[in-house]
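# Structural description and commentary
The lines below spell out each chain.
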Amino acid sequence: MTSDQPDIYPSRECALLTQLKDNIETVIQCNNEGIKWLLTAFVAGGHVLLEDVPGTGKTTLAKSLAGSISAEFKRIQFTPDLLPSDILGVSVFDQHSQDFRFRPGPIFTQILLADEINRASPRTQSALLEAMAENQVSVEGDRIEMDEWFFVIATQNPVEFHGTYPLPEAQMDRFAMRFKLGYVSREQEVQILDSQRYEHPITRLKPCTNLEDLRSIRNAARNIRISDELKHYIVDLVGATRAYPGIQMGASPRAGIAMMKCSQALALIEGQEFVTPDIIQELAIPIIAHRLVLDPESQYSGTDSAECIMNIMQDIPVPA
Amino acid sequence: MKPRIIQGLVVLAWGIQADLIWFALPMAATLEARYFLNRRWALTKQDFYRVADLTSVAMVGMIIFLFLNARSYHFITTLFQWLPILFFPLVIVFAYSTTEKMTLDVLFYSLRRQKEPVQQSWDMDYLFLGLCVLATGFNTDDRSLFFPLAAIAILWSLFPLRSTRYRAGIWILVVSITFLVAGFTHQMIREAHLAVKAKTEQWIAAWIMQRTDPLKTRTALGKVGRLKLSDSILFRIKPIGGQGFPSLLVEASYDHPSTGASMEWAVWETNFTSVPHEDDFTWRFADASPGETAAKIYLEFNRERSLVPVPASLSEIHDLPALEVKLSKYGAIQGSGMVPSPSFEIKYSLGNQLYGPPGEIDLYLDEKHEALLSRIVKRANYPARHSIAFIQNFFSDFKYSLFQETVNEANPLEDFLYSRRAGHCEYFASATTLLLRQMGVPSRYVVGYSVHEYNEALGMYIVRQRHAHAWAIAHVGGEWLVVDTTPGVWLAEEDANANLLQPIFDFFANYSFMFQLWWNEQKIEDYKFELYIIGGILALILIWRIATSEQVIISREGNEESRSWLPGKESPFFKIVAYLSDEGLKRDRGEVLRHWLIRIQKPELLPLLGIHNRWRFDPRGVSANEKLALNEQVDHWILGQVDQGPQEN
């Protein structure tokens, strides 16, 4: 991976991002593009749903991102008895001022890890909904703005079904990306054992950028050029899911927006000044797959949405 | 959504209306045929620019050509009727390309210079549809067909684009009502326009021209108030060879006085005889004589079957744009079928007489007039020369007056002769004619114009409406003599009456006249050199535009679905793709070039792909140098492969 990186970075922002990625990789090993995609979503301003079995480093990834950018980090463990007020906060009576005072909940942070999100009741899940979509929270009739860096990394365990509430489609659509971290390779796992012999490497993690730099990174991502032809390609990909056999509900236009923003961000991370079709193809599954609702037949015949998207990408002529 | 069928129909309708059906038929066929053909041209924006430039050049050429040939504003009508042909290349290029809509910068050169890409785009087909409807509307002969045609075309082409919120029936109803209201209003406006036009024509005719009737003339005798004639210029006379010109122009003469209270003169013999013409352009009135003088007369206004004002000593009319020229015994010359603003040449020489010989009627006097005139002189035959001298002496203490106060309505002539002793030319001419007859001299009453205002700048005499004049002629010793008893001051008094702003009007009138003269003398052949220069400059601009733009390979690709224009489709990298595909290393539909190159293990091509990708997907594009470099590298690589090929095999 490091051999791919160009010697001269096209921009300062790209260099910062590479630095950030290296910093995170000192803490957590990942065999696929997980870290890159997480950064992509973060730069593009979208939320991420990590779907994986326990112990693959979901929490560590979120923590190391927060630690690397010196952002405020909070974690909510979702359980069936969790209430919306546990997330949003509650007004308590202040004996001194003889008045109710709002005590903000854990959602008022910059990076939020919503662990095992499918364990909470839909009511509690939907408390996240408004915050994620509109970057604001309505508590007791008041509207409270969220931090501009509010970034949700939610995790869910795809194995267990008992005692879980699968996320509603509307909420799935609000995540820009969903991906797995997966198990690391044998060598990497040995390396992990080595690195944690004395202490967890996260304790040695030092922030390497600040929010000011991140702001310029986000601006740079917005300025990554994308041609009309590729916008058409994105729309074609997203649109094809709506008429694809076996898919009950296709992806929304929001998927297309996320595709464009994330491909801009990924192009920046890759050191490109403009979006190319391979970047769009790389992001198609993490961005579109979780938004699809498959027919019961195809569900039980073992097809999954990622496969559908692979087929669609094969069918639609890619701009060359 | 394309306007199918209707586009072809509108083009055909335009062809029928504009009489260009042989252009319209293939045009309509080509436009409609595209719905049955799958092949499209993958053209770049540069190609559209090129075709648009060609259209502009053709348009400029056409405007120059029409302007020089049509010589009037009517060339605009022709231009509009030809617009569909001019725009057809652009339309057909769009119709058979993969591009759906045309951005405005194709049509407007200024927009191409902008840094930001132009967003507004039009559907060329609808634009052309509108253009054809507009061009059809320029046929003025058959209006009744145009309105329903335009309505159907609009209804049909907008139907697929309507809002789906309401049912189709409601939409059709609303649009139909709109059309009905529009049609009704259009008809009302047209009728109002025609009514105003008719009124204006009447009014202008009455103001500019009092018509001269060759058969009778009504004088203003007995009218009360100020007689005021307009300053407008009726015609101009250019003497050829010298400045002199007869001071009087004759329109007609009359021999029969009426007996009514208001004086009216008529002619006794109403027949005209056709004047023989030597060739198509020359009419002879008298035999050629060595003393002939020539002049050119420019009529400002045309009257149908108008009387041609000429000097009484006319011998020849040349170049009069008339089919037939007739002459009456009374010197009235009628040209039939004359065009507006005619000019013609005349020749005259002193010995000639337009008037026919005198008859009994030239001595006729009714009792009432005889009784009136007997108070001056008894009716008898006096020697003609003496009579004229007597009459001129008699009127010598009369005054010229345009203003008439109290008038003896029963007999204005009596009032003029015995009490007021003042009046305008018609009084003098009528009284003189009658008095001549009283004294036994055959005489007639003549109307025409006095020629005395010479314009140095034009080198011409200007004759205005207020120069209209009347006088008497007497037949003495075998020829007609002018007996003008109107006091000589009449000219000065008339000129003093002129409008204060008249010099300004004259200035513009003269200059527009001079321009008209100059313009009529121009012929397109005289401007060959200038036309070549203009054409040369236009060609140079076109060559420069083509030379400075990048070379484009038009790729014929069978794209089933038409897309917006694709930048970089001409990238030479496709040569490598085609080469490798021919070698059996086919790329999948959904495979991006990078993954493909890695799969077929051609990593050496990745740097070239980088430039290609920038060419294709970076809206900022690549520089001309980079394109050239990529071209070279691609050729180099392919050459290398070809060289290696036989060895591997």
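About the thresholds
Residues numbered from 1 in each chain as written. Chains lettered and ligands numbered in written order. Predicted model: local features only at pLDDT ≥ 70, side-chain atom pairs only at ≥ 80, totals over all residues. Helix = DSSP H or I, 4+ residues; strand = E, 2+ residues; numbered from the N terminus. Buried ≥ 20, exposed ≤ 12 C-beta atoms within 10 Å, placed from the backbone. Contact = placed C-beta atoms within 7 Å. Pairing = 2+ DSSP bridges. Axes fitted to C-alpha atoms, helices over the stretch in contact; angles between N-to-C directions. Nonpolar A, V, L, I, M, F, W, Y, C, P; charged D, E, K, R; others polar. Expected span 1.5 Å × (residues − 1). Parallel < 35°, antiparallel > 145°, perpendicular 65-115°, else oblique. Core = buried A, V, L, I, M, F, W, Y, C linked by C-beta atoms within 7 Å. pLDDT = per-residue confidence, 0-100.

## Digging into the overall build of chain A
On a plain count of helices and strands, chain A comes out with 13 helices and eleven strands. Across the 320 residues that make up chain A, the buried fraction comes to 40%. The long-range fraction of contacts in chain A, counting pairs at least 24 apart against all pairs at least 6 apart in sequence, stands at 78%.

## Considerations on the overall build of chain B
When helices and strands are tallied, chain B shows 19 helices and 23 strands. In chain B, which comprises 649 residues, the proportion classed as buried is 30%. Within chain B, contacts between residues separated by at least 24 positions form 76% of all contacts whose residues are at least 6 apart in sequence.

## Some details on the sheet that holds strand β19 (residues 443–450) of chain B
Residue and element names in this part refer to chain B. Spatially, four strands are ordered β6-β19-β22-β23 in an open sheet, and the strand pairing comes out antiparallel. One side of each edge strand has no neighbouring strand; the edge strands of this open sheet are β6 (248–254) and β23 (479–483). The mean inter-strand angle of the sheet, taken between neighbouring strand axes irrespective of direction, is 40 degrees. In the sheet, β19 pairs with strand β22 (residues 468–476) via seven bridges, with the strands oriented antiparallel.

## Observations regarding the interface of chain A and chain B
Counting from both sides, the interface comprises 21 residues of chain A and, opposite them, 19 residues of chain B. Elements that contribute at least two residues to the side of chain A that touches chain B include exactly α9 (228–240), α11 (277–288) and α13 (305–315) of chain A. In terms of residues, the side of chain A that touches chain B owes the most to one element, α9 of chain A, which gives four residues. Split by residue class, the side of chain A that touches chain B holds ten nonpolar, five polar and six charged.

## Here's the deal with unusual backbone geometry
Residues other than glycine predominantly adopt negative phi, and peptide bonds predominantly adopt the trans conformation. The phi dihedral of Glu116 of chain A falls on the positive side, at around 50 degrees, and the residue is not glycine. By the secondary structure assignment, Glu116 of chain A is in the loop between β5 (111–115) and α5 (122–134). Even without glycine at this site, Arg421 of chain B takes up a positive phi of about 50 degrees. Examined against the element boundaries, Arg421 of chain B turns out to sit in the loop between α11 (412–420) and β18 (422–423). Residue class for Arg421 of chain B comes out partly exposed when judged on the 14 C-beta atoms lying within 10 Å of it.

## Digging into the pairing of β6 of chain B
All names here are of chain B. Within β6, six of the seven residues are buried, which leaves the element mostly enclosed by the surrounding structure. For β6 and β19, the ladder comprises six bridges, and the chain directions are antiparallel. Counted as the bridge partner of Ser253 is Val446 from β19.

## A short note on helix α2 (residues 34–44) of chain A
Owing to its 3.6 residues per turn, the α-helix aligns residues three or four sequence positions apart on the same side. Extensive coverage of α2 of chain A is indicated by the burial of ten of its eleven residues. Where α2 of chain A terminates, the next one or two residues include Gly45 of chain A, which has phi positive at roughly 80 degrees.

## What to know about α11 of chain A
All names here are of chain A. An ideal rise of 1.5 Å per residue puts 16 Å on twelve residues; α11 measures up with 16 Å between its terminal C-alpha atoms. Burial within α11 is extensive, with ten of its twelve residues counted as buried. Within α11 the residues assigned to the buried category are Pro277, Ile279, Ile280, Gln281, Glu282, Leu283, Ala284, Pro286, Ile287 and Ile288. Those residues of α11 hidden inside the fold are in contact with α2, β9 (175–179), α9, α10 (253–269) and α13.

## Observations regarding the sheet that holds strand β12 (residues 314–318) of chain B
Each strand in a sheet pairs with its neighbour through backbone hydrogen bonds, running either in the same direction (parallel) or in the opposite one (antiparallel). Residue and element names in this part refer to chain B. Reading across from one edge, β10-β12-β15-β11-β5-β21-β20 is the order of the seven strands in this open sheet, with antiparallel pairing throughout. Taken across any chain shown, the strands that pair with only one partner, and hence form the sheet edges, are β10 (282–284) and β20 (453–455). This sheet shows a mean twist of 25 degrees between the axes of neighbouring strands, independent of strand direction. In the sheet, strand β5 (residues 233–240) pairs with strand β11 (residues 293–299) via six bridges, with the strands oriented antiparallel. When the bridges of β11 are listed, Arg236 appears paired with Tyr298.

## Here's the deal with the packing of helix α1 (residues 6–17) of chain B against helix α2 (residues 21–33) of chain B
Helices that pack against each other are described as a pair by the angle of their axes relative to one another and the distance between those axes. Residues and elements named next belong to chain B. Following both chains from N to C, one finds α1 and α2 inclined at 175 degrees, their axes separated by 8 Å at the closest point. As judged from the angle between their axes, α1 and α2 are roughly antiparallel. Side by side, α1 and α2 meet where Gln7, Gly8, Val11, Leu12, Trp14, Gly15 and Ile16 of the first sit next to Ile21, Phe23, Ala24, Leu25, Met27, Ala28, Leu31 and Glu32 of the second.

## Focus: the nonpolar core
Residues and elements named next belong to chain A. If you look at the biggest cluster of nonpolar residues, it comprises 103 residues, and the most contacted ones within it are Met259, Cys262, Leu268 and Ile287. Broken down by element, the residue count for this core peaks at ten residues, all from α10. In this structure, Met259 is in contact with Ile234, Val238, Ile280, Leu283 and Ile287, ignoring residues within four places of it in sequence.

## So, the confidence of the model for chain B
Residue and element names in this part refer to chain B. Averaged over all residues, the pLDDT of chain B equals 79, while 83% of them reach at least 70. Note on residues 550–564: pLDDT is under 50 here. Beyond four places in sequence and across chains, it has 29 contacts. The complex model carries a pTM of 0.46, and its ipTM stands at 0.83.

## Here's the deal with the confidence of the model for chain A
This prediction gives chain A a mean pLDDT of 86; 96% of its residues lie at or above 70. Scored below 50 in pLDDT, residues 1–7 of chain A shows two contacts in the model against residues more than four places distant or in partner chains.

## A few points about the pairing of strand β3 (residues 89–94) of chain A
Residues and elements named next belong to chain A. Of all six residues making up β3, only zero are buried, and the element is barely covered by its neighbours. Of the strand pairs in this sheet, β3 and strand β4 (residues 99–104) are connected by six bridges, and their pairing is antiparallel. If you follow Asp94 over to β4, its bridge partner there is Asp99. Joining the antiparallel neighbours β3 and β4 is a turn of four residues, in which Gln98 adopts a positive phi near 55 degrees.

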